[in-house]
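Overview (structure and organization)
Next come the chains, spelled out residue by residue.
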Amino acid sequence: MMNTMTHQLLGFFLGLLGLVSSLTSTVLPQWRLTAYFSTNFITALYYMKGLWMECVSHTAGIYQCEFHRSTLSLPKGLLAARILMVLSCIISILAAIVSAVGMKCTRCAHQSHAKGSIAVFGGVCFILAGIFCLITTSWTTCDVISNAYNIFTTAGMKYEIGLAVYISFSSAIFSICGGGMLCVASWDVRNDVSHKVVDTQVPGTNKLQHVPSYQANSGFQNDSSLPTFSYNRGCRLSDNISNSSIKSKISSKSAVN
């Protein structure tokens, strides 16, 4: 029981870490950073592109950010990345709430047999959120690398992978690992509960069982299929008489002596 609770807590905290990382990577603008492939091009500005805004950083440490004005004018890849990351955050929050209800260390639904199933559902939600986050990270990474090595793209428009991509990738790993650990630990609890329910429904071996009755052979028999036994009463009476006579003879001899 203690090992199961420990595994559930470890999986839950990994899922929470994935949730925090997913929220952080969604908000940060460092998804794409400017990359300098030309040695004779010197600039004091660094451009960053995120899911929601574009920022410019000066060498003095000043940031100037601007949100994307029109959603319809955005590229389809950026719109898909937005949708997937928002879904990942929402599903992670739902998974954290459901998992907290289904874990053994909480008092919520303590007497319910579906407590293990609730925790399994929370683990599945963590895994689904991690998959969405991993799809977004892989898609962005592939797009950045393909544009970086494209000969038709100008040097000033080439970007490299930013910090938010690495955070998003770690979020996917944490969510998938935590959800998987939570599912495995909670599935064992679910099986234990189901076995207990089945054991309570199976009749015990110490209960009374039907024993076939036997009756002596008489003039009236209710069922001809039952075994019958006949007793020779005459033999038994003669045996009793002979035994009593032997005892009387022995007692008389002992009295004479």
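Just so it is clear, the structure is predicted and the values come from calculations on it, not from any experiment.

Our next topic: the state of the cysteines. Tallying each qualifying case throughout the model produces 1 disulfide. Here Cys-55 engages in a disulfide with Cys-65; their sulfurs sit 2.1 Å apart. What sets the handedness of the Cys-55 and Cys-65 disulfide is the S-S torsion sign, and at about 110° it is right-handed. You can see Cys-55 sitting in strand 3 (residues 53–58) and its partner Cys-65 sitting in strand 4 (residues 63–67), a full 10 residues away along the chain. No disulfide involves Cys-183; its nearest neighbouring cysteine sulfur is the one of Cys-125, lying 9.0 Å away. Judged by its relative accessible area of 14%, Cys-183 falls in the buried class.

Moving on, we come to the pairing of strand 2 (residues 45–49). Sheet topology places strand 1 (residues 32–34) next to strand 2; 2 bridges connect them, and they run antiparallel. If you follow Leu-33 over to strand 2, its bridge partner there is Met-48. Inspection of the sheet shows strand 2 paired to strand 3 by 5 bridges, in the antiparallel sense. Across the sheet, Leu-45 pairs through a bridge with His-58, a residue of strand 3. Connecting strand 2 to the next strand, strand 3, in antiparallel fashion are 3 residues.

Turning to the nonpolar core, a few remarks are in order. If you look at the biggest cluster of nonpolar residues, it comprises 11 residues: Phe-12, Leu-84, Ile-91, Ala-95, Ala-96, Met-103, Cys-125, Phe-126, Ala-129, Phe-132 and Leu-182. Secondary-structure elements contributing two or more residues to this core are helix 2 (76–102) and helix 3 (115–148). Here Phe-126 is in contact with Gly-15, Leu-16, Ser-92, Ala-95, Ala-96, Ser-99, Ser-175, Ile-176, Gly-179 and Leu-182, once residues within four sequence places are set aside. Grouped together as the second largest cluster of nonpolar side chains are 10 residues, Leu-51, Leu-78, Ala-164 and Val-165 included.

For a regular strand, the rule is simple: side chains alternate between the two faces of the sheet. Going residue by residue along strand 3, you find Met-53, Cys-55 and Ser-57 tucked away on one face and Glu-54, Val-56 and His-58 left uncovered on the opposite face. Direction of pairing for strand 3 relative to strand 4: antiparallel, over a ladder of 5 bridges. Looking at the pairing, Met-53 lines up with Phe-67 of strand 4.

Spatial ordering of the open sheet is given by 4-3-2-1-5, a layout of 5 strands whose pairing is antiparallel. The two strands at the open ends of the sheet, each matched to only one other strand, are strand 4 and strand 5 (159–161). In this sheet, neighbouring strand axes are inclined to one another by 25° on average, regardless of whether the strands run parallel or antiparallel. Lying on the sheet, helix 3 is in contact with strand 1 and strand 5; it crosses strand 5 at an angle near 145°.

Let us look at the packing of aromatic side chains. Counted by the stated rule, this structure contains 1 aromatic pair. On the numbers, 6.0 Å between centres and 65° between planes, the contact of Phe-12 with Phe-13 is edge-to-face. Relative accessible area serves as the criterion here: at 11%, Phe-12 is assigned to the buried category. Taking the relative accessible area as the measure of exposure, Phe-13 reaches 52% and is therefore exposed.

The next point concerns the UniProt feature "transmembrane region" (unreviewed entry) in the protein chain. Taken from the UniProt record, the annotation "transmembrane region" (unreviewed entry) applies to residues 79–98, 118–141 and 161–187. Helix makes up 100% of residues 118–141 and strand 0%, and the two end C-alpha atoms of the span are 35 Å apart. Helix makes up 93% of residues 161–187 and strand 4%, with an end-to-end C-alpha separation of 39 Å.

Residue position: Gly-180 is located in helix 4 (residues 163–201). Sequence separation between Gly-180 and Phe-126 is 54 residues; the distance between their C-alpha atoms is 8.2 Å.

Rules of the game
Residues numbered from 1 in each chain as written. Predicted model: local features only at pLDDT ≥ 70, side-chain atom pairs only at ≥ 80, totals over all residues. Heavy atoms only, no water. Disulfide = S-S within 2.5 Å. Helix = DSSP H or I, 4+ residues; strand = E, 2+ residues; numbered from the N terminus. Buried < 20%, exposed > 50% of the residue type's maximum accessible area, 1.4 Å probe, protein only. Pairing = 2+ DSSP bridges. Core = buried A, V, L, I, M, F, W, Y, C linked by side-chain atoms within 4.5 Å. Contact = heavy atoms within 4.5 Å. Axes fitted to C-alpha atoms, helices over the stretch in contact; angles between N-to-C directions. Phe/Tyr/Trp six-rings, centres within 6.5 Å; stacked < 30°, edge-to-face > 60°. UniProt positions renumbered as here; feature names shortened; annotations may be inferred.

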